[in-house]
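Each chain is listed here by its residues.
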Amino acid sequence: MTATAERLTADIGIGGMTVRLHVPDEAFLRMVEDRYAGFPGSGDDAECDFDIELLPERPTEIDSVGMADRDAEMDPDEDVRVWREGEMWNLTRGDFCAEWNPAERRGRIRQSMNPYSVDCVLRIVHTLALARNGGGFLVHAASAIRNGKAFLFSGVSGAGKTTISRLAPGDATLLTDEISYVRRAGEGYVAYGTPFAGELAEPGANVQAPIDTLFLLAQGPENRITEIASPSEAARALLRNILFFAHDAELVNRVFRAALDFVQRVPVKRLTFMPDERVWELIE
């Protein structure tokens, strides 16, 4: 992360893809550096190059010059909206308003001075880039590497992603306890560490490994692994947990095909477990 004569620059690399941020404020740069310290990127190969404009903490209006219209007060709890107008993607939430042109690899973010807006923009941009390339997705899943293989543990909030992460043995490397990064590699798929943390509030390790198994989590009275009845059932379960924000039929179809391809290449099983570290004896 470097400072230039005009702007301060931060390069963030996640899943082999770099997003470069140009920021006008040293305090904000330090905030970004702290949050993504373990995930440096290569600015020369940045897939996205964003200029950030910092707004007052509670802005009431954003002009529409070159940006999406934002006439109402910005509510931090407002749902994310992502849509395309020609080549331009528009991304909005209560605390930010952004646009990104993938063809030009350029974009702009207007936000208040907090790291959560950047975090959301990064997730959205990565989901769009992965869908466009047809080679992967972000999914609500904890993931860890053990003996050179990655294991994913997927489920909705409360299914046990953080619990299974806390129970991981000392020889396991945690990639995330909340959002896993999955990319196609050759005939299989690879999981990457992410800074997108859940209840553990700690970024994952910035490493990668081929995915051995995706487990669908369920808490119960015993530790057991059961087979999924069919690839279609596995795909439906996976699709329920994939992150995708855009209302775009073409990209939604690509995400659907990516999920179908994944369950054909990676075993998907159901893992019922108690909050007991012995569950990891089943996951070797």
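Scroll up for the structure.
Asker: Please clarify how the pairing of strand E12 (residues 179-185) should be interpreted in this entry.
Answerer: Inspection of the sheet shows strand E9 (residues 136-146) paired to E12 by 5 bridges, in the antiparallel sense. Following the sheet pairing, Gly-136 is matched in E12 by Arg-183. Here E12 runs beside strand E13 (residues 188-192); their pairing, made up of 5 bridges, is antiparallel. Along E13, the bridge assignment pairs Ala-185 with Gly-188.

Asker: Would you take a moment to explain helix H2 (residues 115-133) for this structure?
Answerer: Since the α-helix packs 3.6 residues into each turn, any two residues three or four apart lie on the same face. Taking 1.5 Å of rise per residue, the 19 residues of H2 would be expected to cover 27 Å, and the 27 Å separating its terminal C-alpha atoms lies within 8% of that figure. With respect to burial, H2 is a largely interior element, 16 of its 19 residues being buried. Gly-134 sits one or two residues past H2 and shows a positive phi near 70°.

Asker: For this particular structure, what's the right way to read the environment of His-140?
Answerer: For His-140, the location among the structural elements is in strand E9. According to the relative accessible area criterion, His-140 is partly exposed, its value standing at 27%. Linking His-140 and Ser-154, residues 14 residues apart in sequence, is a C-alpha distance of 5.9 Å. Contact partners of His-140, with chain neighbours within four places excluded, come to Phe-153, Ser-154, Gly-155, Lys-161, Glu-178, Ile-179, Asn-241 and Leu-243.

Asker: Please clarify how the packing of aromatic side chains should be interpreted in this entry.
Answerer: With the rule as written, the count across this model stands at 6 aromatic pairs. Between the aromatic rings of Phe-151 and Phe-215, the centroid separation amounts to 6.5 Å while the plane-to-plane angle is 20°, which identifies the pairing as stacked. Pair noted here: Phe-151 is in strand E10 (residues 149-154) and Phe-215 is in strand E14 (residues 208-219), with a separation of 64 residues, a long-range link. Neither Phe-151 nor Phe-215 differs from the other in exposure class; each is buried. Among the aromatic residues, those joined into a cluster by ring pairs are Phe-151, Phe-153, Phe-215 and Trp-280. When the ring centre of Trp-83 is taken as origin, the NZ or CZ atom of Arg-81, which lies over that ring, is 4.4 Å away.

Asker: Can you help me understand the packing of H2 against helix H5 (residues 249-265) in this one?
Answerer: When two helices pack together, their arrangement is given by the angle between the helix axes and the distance between those axes. Between H2 and H5, whose axes approach to 8 Å, the crossing angle comes to 75°. Taken together, the axes of H2 and H5 are roughly perpendicular relative to one another. Listed contacts from H5 to Leu-128, Ala-131 and Arg-132 of H2 are Leu-251, Arg-254 and Val-255. In the contact of H2 with H5, the residues fall into 4 nonpolar, no polar and 2 charged.

Asker: What am I meant to see in the pairing of strand E2 (residues 8-14) here?
Answerer: Consecutive side chains along a regular strand alternate between the two faces of the sheet. For E2, the tally of buried residues reaches 7 of 7 residues, placing the bulk of the element in the interior. Burial along E2 is two-sided: Leu-8, Ala-10, Ile-12 and Ile-14 facing one way and Thr-9, Asp-11 and Gly-13 facing the other are all buried. With 7 bridges connecting them, E2 and strand E3 (residues 17-23) associate as antiparallel partners. For Ile-12, the partnering residue across the bridge sits in E3 and is Val-19.

Asker: What is the right way to look at the pattern of salt bridges in this model?
Answerer: Side chains that carry opposite charge are capable of pairing whenever their charged atoms lie near each other. Scanning the entire structure with this criterion turns up 21 salt bridges. Between Arg-106 and Asp-49 there is a salt bridge, with the nearest N and O atoms lying 3.1 Å from each other. Within this pair, whereas Arg-106 is found in strand E8 (residues 106-112), its partner Asp-49 is found in strand E4 (residues 48-55), the two being separated by 57 residues in sequence. With relative accessibility at 15%, the residue Asp-49 sits in the buried group. The shortest N-O distance in the salt bridge between Arg-224 and Glu-222 comes to 3.0 Å.

Reading the values: rules and limits
Residues numbered from 1 in each chain as written. Predicted model: local features only at pLDDT ≥ 70, side-chain atom pairs only at ≥ 80, totals over all residues. Heavy atoms only, no water. Pairing = 2+ DSSP bridges. Helix = DSSP H or I, 4+ residues; strand = E, 2+ residues; numbered from the N terminus. Expected span 1.5 Å × (residues − 1). Buried < 20%, exposed > 50% of the residue type's maximum accessible area, 1.4 Å probe, protein only. Contact = heavy atoms within 4.5 Å. Phe/Tyr/Trp six-rings, centres within 6.5 Å; stacked < 30°, edge-to-face > 60°. Lys NZ or Arg CZ within 6 Å of the ring centre and 35° of its normal. Axes fitted to C-alpha atoms, helices over the stretch in contact; angles between N-to-C directions. Parallel < 35°, antiparallel > 145°, perpendicular 65-115°, else oblique. Nonpolar A, V, L, I, M, F, W, Y, C, P; charged D, E, K, R; others polar. Salt bridge = Lys/Arg side-chain N within 4 Å of Asp/Glu carboxyl O.

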